[in-house]
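Observations on the model geometry
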Amino acid sequence: MSTPARRRLMRDFKRLQEDPPVGVSEFFGHYEIQYQRAKYNNLMFVFTVILLFHVCTFKLVIEFSEEYPNKPPTVRFLSKMFHPNVYADGSICLDILQNRWSPTYDVSSILTSIQSLLDEPNPNSPANSQAAQLYQENKREYEKRVSAIVEQSWNDS
């Protein structure tokens, strides 16, 4: 059965594949998309993305409900993260995924926003206060720590 949310998602995915967001392909290098039908809760699709950012590769999952695009998807990193705006469970503190969501946002805008957040953390609104403090006090050490944790995450999986 085709619903408005499913039709919108198919348009979003098609647009993403045909015209990746400016900066995303430049910064991430590539992304791999896997579609899965979720068999739990009210989730419709699970969209897994593997993103390459600088020298680190991150896995994240985007979960869409039948209320998309009126409600934001749930996004969380599967890779272990050390980032001022990422909680220990991998969920992301990003305004467009919370209180500033708009139905005009699509998958491309979500990925672009995440890319921007990775590149420019907001230490003033931390989900991880230790990462925020290190980012502000010693960016070189912060970047080493990010790389080490992501590498460890990939070796563990």
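Residues numbered from 1 in each chain as written. Predicted model: local features only at pLDDT ≥ 70, side-chain atom pairs only at ≥ 80, totals over all residues. Heavy atoms only, no water.

1. Remarks on the overall build of the protein
- Counting its regular elements, the protein contains five helices and four strands.
- Secondary structure of the protein in N-to-C order comes out as α-α-β-β-β-β-α-α-α.
- For the protein, with 157 residues in total, the buried portion stands at 47%.
- Across the protein, contacts joining residues at least 24 apart in sequence account for 53% of those joining residues at least 6 apart.
- Just so you have it, the protein exposes about 8,800 Å², and 47% of that area is on carbon and sulfur atoms. (Helix = DSSP H or I, 4+ residues; strand = E, 2+ residues; numbered from the N terminus. Buried < 20%, exposed > 50% of the residue type's maximum accessible area, 1.4 Å probe, protein only. Contact = heavy atoms within 4.5 Å. Areas by Shrake-Rupley, 256 points an atom, 1.4 Å probe, with all protein chains shown as cover.)

2. Focus on the UniProt feature "active site" (unreviewed entry) in the protein
- Mapped onto this numbering, the UniProt entry annotates "active site" (unreviewed entry) at C93.
- Mapped onto the fold, C93 is located in the loop between β4 (74-77) and α3 (107-119).
- Those residues in contact with C93 that lie beyond four places of it in its chain are N85, Y87, Q98, L117, S125 and A127. (UniProt positions renumbered as here; feature names shortened; annotations may be inferred.)

3. Overview of the nonpolar core
- Within the largest apolar cluster, 31 residues are counted, with the highest numbers of intra-cluster contacts made by V75, F77, V107, I110 and I114.
- Those elements giving two or more residues to this core turn out to be α1 (4-18), β3 (56-65), β4, α3, α4 (129-137) and α5 (139-156).
- Ranked by residue count, the leading element in this core is α3, at six residues.
- Not counting chain neighbours up to four residues away, the residues in contact with I110 comprise I62, P73, V75, I96, L97 and W101. (Core = buried A, V, L, I, M, F, W, Y, C linked by side-chain atoms within 4.5 Å.)

4. Remarks on the environment of P72
- With respect to the secondary-structure elements, P72 resides in the loop between β3 and β4.
- As for P72 and S102, which are separated by 30 residues in sequence, their C-alpha atoms are 7.8 Å apart.
- Beyond its immediate stretch of four places on either side in the chain, P72 contacts I96, L97 and W101.

5. Some words on the packing of aromatic side chains
- What the rule picks out here adds up to five aromatic pairs.
- Each ring, one from F64 and one from Y68, has its centre 4.9 Å from the other, and the planes form 75°; the classification is edge-to-face.
- Ring geometry for Y68 versus W101: centroids 6.2 Å apart, planes at 45°, classification tilted. Highlighted residues: Y68 in the loop between β3 and β4 and W101 in the loop between β4 and α3, separated in sequence by 33 residues. (Phe/Tyr/Trp six-rings, centres within 6.5 Å; stacked < 30°, edge-to-face > 60°.)

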